[in-house]
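# Summary of structural features
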Amino acid sequence: MYNVRKIEENINMRGDFQGTFLYDQELAPRTTFKVGGKAQVLVEPATVESFLMVLESLKSWKLPHLILGGCSNVVVPDEGIEYPILSTTQLTSLSLSPDKTLLHCGAGCSWQQVIDFCLEQRLGGLENFAGLPGTLGGATFMNARCYDASVSDVLVQVDYGQLTQNKAGQWNASLKIYKMNVADWDYKISPFQKQLVDCPVLAVTLKVRPLDETDFQQMKQKAQSFVADREQKGHFSYPSAGSVFKNNREFGKPSGKIIDEAGLRGLELGGAQVAPWHGNFIINRGNASASDIQQLVQLVQQQVHEKTGFYLEPEIIFLTRSIKT
C-alpha cells in the first residue's frame, strides 16, 4: 500500500498546484444516496492545469485512481475506498461567448449553477435540465437525459484530459478538445464510456440562445415546471440516485413500468426500498447501507428476469474498495 501523504508531498514538490488534499474523508455526504465509507485521500484541483498535474503524477507512480464529480449516480462501498480519488468539484468556471450562443462550463459546475446563470443572463436551451442533480462532467459522461432532451442535443465540444507515454516511458497529461459528432452518442452513451475511456471530462461547451422578455418568461416557467415535476414525483423526498435502470427501447416499456407490473414497487431490503411511488427509484429510508442498495438492485433484476425474461441494466455505478492493476 502506498503512503497517501506522500502524494501531496510529491505534488507540492512539482510546484504551482492549486487545490485541496483531504484525508479520511466521509464520502456519504457527497453522494445523493448518502451511503458509503471514507476515502483515504481525495484531491480537489482548483484549475485544469493542477488537475492534469495530479493525473499525470498518479499515472507515473502507477497508482490506481478514480475520477468523481457530484456523485449523483454512484454508490460508494460501505468499507470505503482505498485508492486516490481525483475530484472535479472545484472546476466551476462559467463563461459566455460574446454573441451569447455558447456557454463554457467547468466539469464541476452543478446544473443548479448553470440554470441560475442562464436565468441571470436570460438564456434559453438548457431548461430541460433544471433540477437535475450532479455536475456537468458526470452528465456529459453519462449523456444524461431529461424530459426528452439529452446532453448530446446541446453539446458543442468537450475539453478533456488525455494521458500519453513517450518513447522513454514517461507519462504526459494534456488538454484535448473533442468536437461534437452525433455518431459517437446514443441513449445514455457517450464516447467517454468507449473510445475516450479514461479521458476525464474537464469542461463542456453548450448551445444556448439569448431570449426576449416573452421567451424568457416562458423559459423560466418551463424550468420551474420541471423542478416541480421532480418534486411531485418524489425525487427529493429521500436520498436516491434518480432512475436506477436504463430504459430499453426495444422492450417497449420504461423500466419503471416493468418493475411496477412485476409487483415490486415498495419492495424493501434493509434500509433500501423501491420507491412506493416509482418503480425505477430506489431510496434510502434513512439507514440504508451500500450493500442494501446493491442487493436490492440485484433482487429487482432477478425477479424481473424471472417474470419477463428481460434483464434490467443499471445506470448507477457501484464503486469498489480497491482497483485491480
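Below is a summary of the structure that appears in this document. Because the structure is predicted, anything quoted here is derived from the model rather than measured. (Residues numbered from 1 in each chain as written. Predicted model: local features only at pLDDT ≥ 70, side-chain atom pairs only at ≥ 80, totals over all residues. Heavy atoms only, no water.)

Time to look at the overall build of the protein. Helix and strand content of the protein: eight helices and 19 strands. For the protein, whose C-alpha radius of gyration is 20 Å, the value lies close to the compact-globule estimate of 20 Å for 325 residues. Dimensions of the protein along its principal axes, counting C-alpha atoms only, are 60 × 55 × 35 Å. For the protein, contacts bridging at least 24 residues in sequence account for 63% of all contacts bridging at least 6. On the protein, roughly 15,300 Å² of surface is accessible, and the fraction owed to carbon and sulfur atoms is 47%. Averaging the locations of the 31 positively and 34 negatively charged side chains of the protein gives two centres separated by 3 Å. (Helix = DSSP H or I, 4+ residues; strand = E, 2+ residues; numbered from the N terminus. Rg over C-alpha atoms; globule rule 2.2 N^0.38 Å. Contact = heavy atoms within 4.5 Å. Areas by Shrake-Rupley, 256 points an atom, 1.4 Å probe, with all protein chains shown as cover. Lys, Arg positive; Asp, Glu negative; His and termini not counted. Charge placed at Lys NZ, Arg CZ, Asp CG, Glu CD.)

Attention shifts here to the nonpolar core. Among the nonpolar cores identified, the biggest contains 37 residues, and Trp111, Val114, Leu126 and Leu206 are the most heavily contacted of them. Counting only elements with at least two residues in this core, the list comes to strand S7 (102-106), helix H3 (111-121), helix H4 (136-142), helix H5 (151-154), strand S11 (155-165), strand S13 (201-207) and helix H6 (213-232). Looking at this core, the element that brings in the most residues is H3, giving five residues. Discounting residues that sit within four places of it in the chain, Trp111 has contacts with Phe129, Leu132, Pro133, Gly134, Thr135, Leu136, Ala139, Val151 and Leu206. Counting residues in hydrophobic clusters, the runner-up holds 23 residues, among them Val244, Ile258, Ala262 and Ile316. (Core = buried A, V, L, I, M, F, W, Y, C linked by side-chain atoms within 4.5 Å. Buried < 20%, exposed > 50% of the residue type's maximum accessible area, 1.4 Å probe, protein only.)

Another point: the layout of surface pockets. Within this model, the second largest pocket holds a volume of roughly 270 Å³. Taken together, Asp186, Tyr187, Ile189, Lys246, Asn247, Asn248, Arg249, Glu250, Phe310, Tyr311, Leu312 and Glu313 make up the lining of the second largest pocket. Classifying every residue of the lining of the second largest pocket gives five nonpolar, two polar and five charged. (1 Å grid on protein atoms, 1.4 Å probe; cavity = no way out; pocket = protein on both sides within 12 Å on 5 of 7 lines; lining within 4 Å. Points joined across faces, edges and corners; volume = space filled by probe spheres on them. Nonpolar A, V, L, I, M, F, W, Y, C, P; charged D, E, K, R; others polar.)

Each aromatic ring pair is summarised here by two numbers: the centre-to-centre distance and the angle between the ring planes. Scanning the model with the defined rule gives seven aromatic pairs in all. Between Trp111 and Phe129 the ring centres are 4.6 Å apart and the planes differ by 20°, which places this aromatic pair in the stacked class. Separated by 18 residues along the polypeptide, Trp111 in helix H3 and Phe129 in the loop between strand S8 (123-124) and H4 bring together distant segments of the chain. We note Arg122 situated over the ring of Phe216; from NZ or CZ to the ring centre the distance is 4.2 Å. (Phe/Tyr/Trp six-rings, centres within 6.5 Å; stacked < 30°, edge-to-face > 60°. Lys NZ or Arg CZ within 6 Å of the ring centre and 35° of its normal.)

Moving on to helix H2 (residues 48-60). Compared with an ideal rise of 1.5 Å per residue, which puts 13 residues at 18 Å, H2 spans 18 Å between its outermost C-alpha atoms and is within 8% of the ideal. Looking at H2, one finds that the buried residues are Ser50, Phe51, Leu52, Met53, Val54, Leu55, Glu56, Ser57 and Leu58. Following H2 by one or two positions, Lys62 has its phi on the positive side, about 60°. (Expected span 1.5 Å × (residues − 1).)

On to unusual backbone geometry. Backbone geometry places Asp148, a non-glycine residue, at a positive phi of 70°. For Asp148, a relative accessible area of 69% translates into the label exposed. Although it is not a glycine, Lys188 adopts a positive phi angle of roughly 55°.

With that out of the way, let us pick up the pattern of salt bridges. Counting across every chain of the model gives 10 salt bridges. The residue Glu315 makes a salt bridge to Lys188 at a minimum N-O spacing of 2.6 Å. Note that Glu315 is positioned in the loop between helix H8 (290-308) and strand S19 (317-318) and Lys188 in the loop between strand S12 (171-179) and S13, a separation of 127 residues in sequence. In terms of burial, Glu315 and Lys188 fall into one category: buried. Connected via shared salt-bridge partners are Lys253, Lys257 and Glu261. (Salt bridge = Lys/Arg side-chain N within 4 Å of Asp/Glu carboxyl O.)

This part covers the sheet that holds strand S2 (residues 38-45). The strand order across the open sheet built from four strands is S1-S2-S5-S3, with neighbouring strands paired in mixed fashion. Across the chains shown, the open sheet's two edge strands, defined by having one partner strand only, are strand S1 (19-26) and strand S3 (66-68). With direction set aside, neighbouring strand axes in the sheet form an average angle of 25°. As paired elements, S3 and strand S5 (residues 85-87) share three bridges and run parallel to each other. Opposite Ile67, over in S5, you have Leu86 as the bridge partner. Lying on the sheet, helix H1 (residues 4-14) is in contact with S1 and S2; it crosses S1 at an angle near 175°. (Pairing = 2+ DSSP bridges. Axes fitted to C-alpha atoms, helices over the stretch in contact; angles between N-to-C directions.)

Another aspect to go through is the packing of H1 against H2. For the pair H1 and H2, interaxial distance at closest approach is 11 Å and the crossing angle is 120°. The angle between H1 and H2 places the two elements in the oblique class. Viewed along their axes, H1 and H2 form a crossing whose handedness is right-handed. On H2, the residues that touch Ile7, Ile11 and Arg14 of H1 are Met53, Val54, Glu56, Ser57 and Leu58. (Parallel < 35°, antiparallel > 145°, perpendicular 65-115°, else oblique. Left-handed = near helix turned anticlockwise from the far one by under 90°.)

Below, the discussion takes up the environment of Trp185. Within the secondary structure layout, Trp185 lies in the loop between S12 and S13. A C-alpha to C-alpha distance of 9.7 Å links Trp185 and Val151, two positions 34 residues apart in sequence. Every residue in contact with Trp185, bar those within four places of it in the chain, is listed here: Thr140, Asn143, Ser152, Leu155, Tyr178, Met180, Ser190 and Pro191. Separated by 2.9 Å, the side chains of Trp185 and Tyr178 make a polar contact. (Polar contact = N/O pair within 3.5 Å; in protein donor to acceptor, adjacent residues only side chain to side chain.)

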